[in-house]
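# Architecture at a glance
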Amino acid sequence: QVQLVESGGGLVQAGGSLRLSCAASGLTFSDYGMGWFRQAPGKEREFVASISRSGISTYYADSVRGRFTISKDNAKNTVSLQMNSLKPEDTAVYYCAVRTGAALSTIRNPTQYAYWGQGTQVTVSS
């Protein structure tokens, strides 16, 4: 079965950096695009970033563009999210997910992702 395991979350001061990683197993990783979402308490899960199956094309939410970088290593079956210049509003549980939807217009829709990790907490203090 497909398994996704996130790591790298933690507590950081505003302006700091964290790098999240997601290790995937149980699928042909190079066949799938991947995404990162986040969910803060009392809020809906929101799109953060996505990357094509080859790793060439990337997409970002406006709120993180220029601060976050998504990358994919098909040899190691991992997807990462480098987060710089963190803000308190970035505080959330971060999830990686396998994209199974095809249309670019739906890339920010969580229903287009079939498999999810358990999440990793990111807390940014002011």
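Residues numbered from 1 in each chain as written. Predicted model: local features only at pLDDT ≥ 70, side-chain atom pairs only at ≥ 80, totals over all residues. Heavy atoms only, no water.

On to unusual backbone geometry, then. The phi dihedral of Asn77 falls on the positive side, at around 55°, and the residue is not glycine. By the secondary structure assignment, Asn77 is in the loop between strand 7 (68-73) and strand 8 (78-83). Of note in the backbone geometry, Ser85 takes a positive phi value of approximately 50° without being a glycine. (Helix = DSSP H or I, 4+ residues; strand = E, 2+ residues; numbered from the N terminus.)

This part takes up the environment of Arg99. Residue placement: Arg99 occurs in strand 9 (residues 92-99). According to the relative accessible area criterion, Arg99 is buried, its value standing at 12%. Taking the C-alpha atoms as reference, Arg99 lies 8.7 Å from Pro110; in sequence the two are 11 residues apart. Leave out the neighbours within four places in its chain, and Arg99 touches Tyr32, Gly33, Met34, Ser50, Leu104, Ile107, Gln112 and Tyr113. Within the structure, Arg99 has its side chain in polar contact with the backbone oxygen of Ala103 (distance 3.0 Å). (Buried < 20%, exposed > 50% of the residue type's maximum accessible area, 1.4 Å probe, protein only. Contact = heavy atoms within 4.5 Å. Polar contact = N/O pair within 3.5 Å; in protein donor to acceptor, adjacent residues only side chain to side chain.)

On to the nonpolar core. Ranked by internal contacts, the top residues of the largest apolar core, which has 34 residues, are Trp36, Val79, Leu81, Met83 and Tyr94. Of all the secondary structure elements, the ones that give two or more residues to this core are strand 3 (18-25), strand 4 (33-39), strand 5 (46-51), strand 7, strand 8, strand 9 and strand 11 (120-125). Ranked by residues supplied to this core, first place goes to strand 9 with five residues. (Core = buried A, V, L, I, M, F, W, Y, C linked by side-chain atoms within 4.5 Å.)

Topologically, Thr69 is positioned in strand 7. As a C-alpha pair, Thr69 and Leu20 span 49 residues in sequence and 10 Å in three-dimensional space. Here Thr69 is in contact with Tyr60, Ser80, Leu81 and Gln82, once residues within four sequence places are set aside.

Here a disulfide denotes one covalent bond, and it connects the sulfur atoms of two cysteines. A complete count under the given rule lists one disulfide for this structure. A sulfur-sulfur distance of 2.0 Å marks the disulfide that ties Cys22 to Cys96. The disulfide joining Cys22 to Cys96 has a torsion of about 50° about its S-S bond and is therefore right-handed. In this pair, Cys22 is assigned in strand 3 and Cys96 in strand 9, connecting sequence segments 74 residues apart. You can call Cys22 buried: its relative accessible area is 0%. (Disulfide = S-S within 2.5 Å.)

With the rule as written, the count across this model stands at five aromatic pairs. Judged by centre distance (5.7 Å) and plane angle (75°), the ring pair of Phe37 and Phe47 falls under edge-to-face. Here Phe37 is found in strand 4, whereas its partner Phe47 is found in strand 5, with 10 residues between them in sequence. Summarising the burial analysis for this pair, Phe37 and Phe47 share the class buried. Against the face of Phe29 rests Lys72, its NZ or CZ located 4.1 Å from the ring centre. (Phe/Tyr/Trp six-rings, centres within 6.5 Å; stacked < 30°, edge-to-face > 60°. Lys NZ or Arg CZ within 6 Å of the ring centre and 35° of its normal.)

Geometric descriptors of this kind do not, in isolation, establish any biological role.
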